[in-house]
Every structure is written in structure tokens, then in C-alpha cells.
Amino acid sequence: MLTTRTSETVDIPLAVVVARLAARPEVDGLVAIGSTARAALTAASDYDLIVVLNAAPVALNVAVTVVAQRLTDIIFVRADELAALRGPAERGVAAQWGAAQLRRWLRAGEILFDRAGALQAAQANALATAEAAGSDAERYGAWFSVNYNRLQTRRMLGVDDPVYQTAVDLRLLFSLHDVWRYYFVARGLAVYGEKEQARHLAAHDPGFLSLFQQCLAETGRAAKFGLYEQLAAVAVAPLGGLWESDVTAVMPSAGAAWEADTAARALDFWQRLVGDA
């Protein structure tokens, strides 16, 4: 059943909400993240809060509510997942978030409540663990995705059919998002969240940011695609650039063990299948 309820905390200060949560035996810890942790709230800011639970009637992921007239994101983490974060194997660490994301939040987060010290230990672990720059598999996936979407969208752009043209408009929506996201993956930049990424680009690559904003504002379909192609070329430049029109490329399964020659072996296998025996 699709269910919502009016927030009970619309006019209640965050500190009171935190105190109420800390009094519940099901809650082991609370962490403020984002601008909530940095004391950098503006009139446009929301609240972001991690709630560590030792029990719940159903498995919880995210809640959206309103606290003190601010939209509020509640991120749920199980206490056993937090404990696993400190272990060498990290088995079962927050399947919906992953160990890397949990560490990012903990590094910059402000612990508001820690029933047994588990959050403090997890935060110390996070601060002592270097941020991963991304794997070769992720970078190859970024390169493949940007190039694939570009070729498919260019093909559809040339079809004089309103259905195809609508498809181009839709594809440009998600393809632009991918180009933005994969710009950072391609460079191994551990910058997360659209606002932080925009700030990074403004400081380090204002040309890419300006081109992206120009593409967003462009209303002409062909012109927009042309700007998108320029963005795609910049985004994947560190990975080998854009594909030629007669390319063959193979994307291995996401579950495949990635080695230095994985992509080459996949391509060799396809070439053997279609080759002249």
C-alpha cells in the first residue's frame, strides 16, 4: 500500500528530534552529515541524518520527513553493518550503501549520539582508511557507457521520425548525467554529491562546467547533441577518448573478476566467434 503521513516534527527543532531518537532503545547512534554536520546551513539547506539501528520491524533504507520546516533525509544503517565496517573482511557491510559510502559519510560526519562507542570506532577506522580512487573495471565501464550512449543517440538523431527524436531528447537527459558523473570516475576523483562536484569544477575545470551549463540551456536538439559530444570527449579523454564509428567494443559482466587483460580477452573471444574459421 502506498502510504505517507504528515510529519510530526515539522515545527520541532532538530536537537529535540535527536534527543527523542537517542532515548529509543532501538537507536544505537546518530550522525549528522552534509551541511548539517558542517554548521553550514543556509536557507536552502536540508538536514541529513544517519540513524544506526539495532532493531526495526522491517529493513529500512531511507526516510524523507520535515524537521523544523526543513526537508530532512534519514539514512538508516544497521548496527551490525557498522560493526562489520571495522573488520578486515567487511562482509555484509551495508549492501545498499557499501563500505566506501559509509566511510565517506563518517569521515565528514558529526557524531551526535553513540550509545556504546561503535560510531567513534567506525569513524576512526574511516579516517584511517584512504579513499579508493576507483577500479579499472569502473573506469572501463565509464568509458564504455559514455561512448555507447553517444553512438546510439547520434544514430537516432539522424532518423526523421518524431518517436526517434523524442527518444533522443530522453537519452540526452540521462546521458548528460552520466557524462557529469563519469568525468570524476575517469580521473579517479573522490568528489561526491552534485554540489561538491559543481564546486570542484568551478575551481579546477571551469571550462567543462561552462560547457555543461551551455548544453543544459540549449533548446535546439542538434545543437544540444553537438555540445554533448564535446562534453563526452572531455569526460573520457583520460580513458582513451571517443570511439570511431566502425568500433567493436565488449563490456564484460559486472560480476566478472577484473584483471588487466579482461576487456582484451572479451574482445578477442567475440572476434573469434565472428571470424572466418
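Visitor: Could you clarify how one ought to interpret the sheet that holds strand 2 (residues 47-53) in this entry?
Guide: Across a sheet, paired strands are connected by hydrogen bonds in the backbone, their directions being either parallel or antiparallel. Taken together, the five strands give an open sheet; going across it, the order is 3-4-2-1-5, and neighbouring strands pair in mixed fashion. Since the sheet does not close on itself, it has two edges, and those belong to strand 3 (62-67) and strand 5 (110-114), each with one partner. The average angle at which neighbouring strand axes cross in this sheet is 25°, direction not considered. Two strands pair when backbone bridges link them, and strand 3 and strand 4 (residues 70-78) are joined in this way by six bridges, in the antiparallel orientation. Its bridge partner being in strand 4, Val-66 is matched across the sheet by Leu-71. Most of the contacts of helix 1 (residues 14-22) go to strand 1 (residues 27-32), to which it runs at about 155°, and overall it touches strand 1, strand 2, strand 3 and strand 5.

Visitor: Help me understand the packing of helix 9 (residues 206-217) against helix 10 (residues 221-235) in this model?
Guide: A pair of packed helices can be characterised by two numbers: the angle between their axes and the separation between those axes. The contact between helix 9 and helix 10 brings their axes to 9 Å, and the two run at 155°. Relative to helix 10, the element helix 9 is oriented roughly antiparallel. For the pair helix 9 and helix 10, the crossing hand works out as left-handed. Here helix 9 contributes Phe-208, Leu-211, Phe-212, Gln-214, Cys-215 and Leu-216 to the contact with helix 10, which in turn contributes Lys-224, Leu-227, Tyr-228, Gln-230, Leu-231, Val-234 and Ala-235. Classifying every residue of the contact of helix 9 with helix 10 gives 10 nonpolar, two polar and one charged.

Visitor: It is not clear to me how the nonpolar core should be interpreted in this structure. Could you clarify?
Guide: Soluble globular proteins tend to pack their nonpolar side chains together in the buried interior. By size, the foremost hydrophobic cluster in this structure holds 31 residues, and its most contacted members are Val-179, Leu-201, Tyr-228 and Leu-231. Within the residue set of this core, elements represented by two or more residues are helix 6 (136-157), helix 7 (162-186), helix 9 and helix 10. Per-element accounting of this core gives the leading share, eight residues, to helix 7. Tyr-228 has contacts with Val-146, Asn-149, Arg-150, Leu-172, Ser-175, Leu-176, Val-179 and Cys-215, leaving out every residue within four places of it along the chain.

What counts, and at which threshold
- Residues numbered from 1 in each chain as written.
- Predicted model: local features only at pLDDT ≥ 70, side-chain atom pairs only at ≥ 80, totals over all residues.
- Heavy atoms only, no water.
- Pairing = 2+ DSSP bridges.
- Helix = DSSP H or I, 4+ residues; strand = E, 2+ residues; numbered from the N terminus.
- Axes fitted to C-alpha atoms, helices over the stretch in contact; angles between N-to-C directions.
- Contact = heavy atoms within 4.5 Å.
- Parallel < 35°, antiparallel > 145°, perpendicular 65-115°, else oblique.
- Left-handed = near helix turned anticlockwise from the far one by under 90°.
- Nonpolar A, V, L, I, M, F, W, Y, C, P; charged D, E, K, R; others polar.
- Core = buried A, V, L, I, M, F, W, Y, C linked by side-chain atoms within 4.5 Å.
- Buried < 20%, exposed > 50% of the residue type's maximum accessible area, 1.4 Å probe, protein only.

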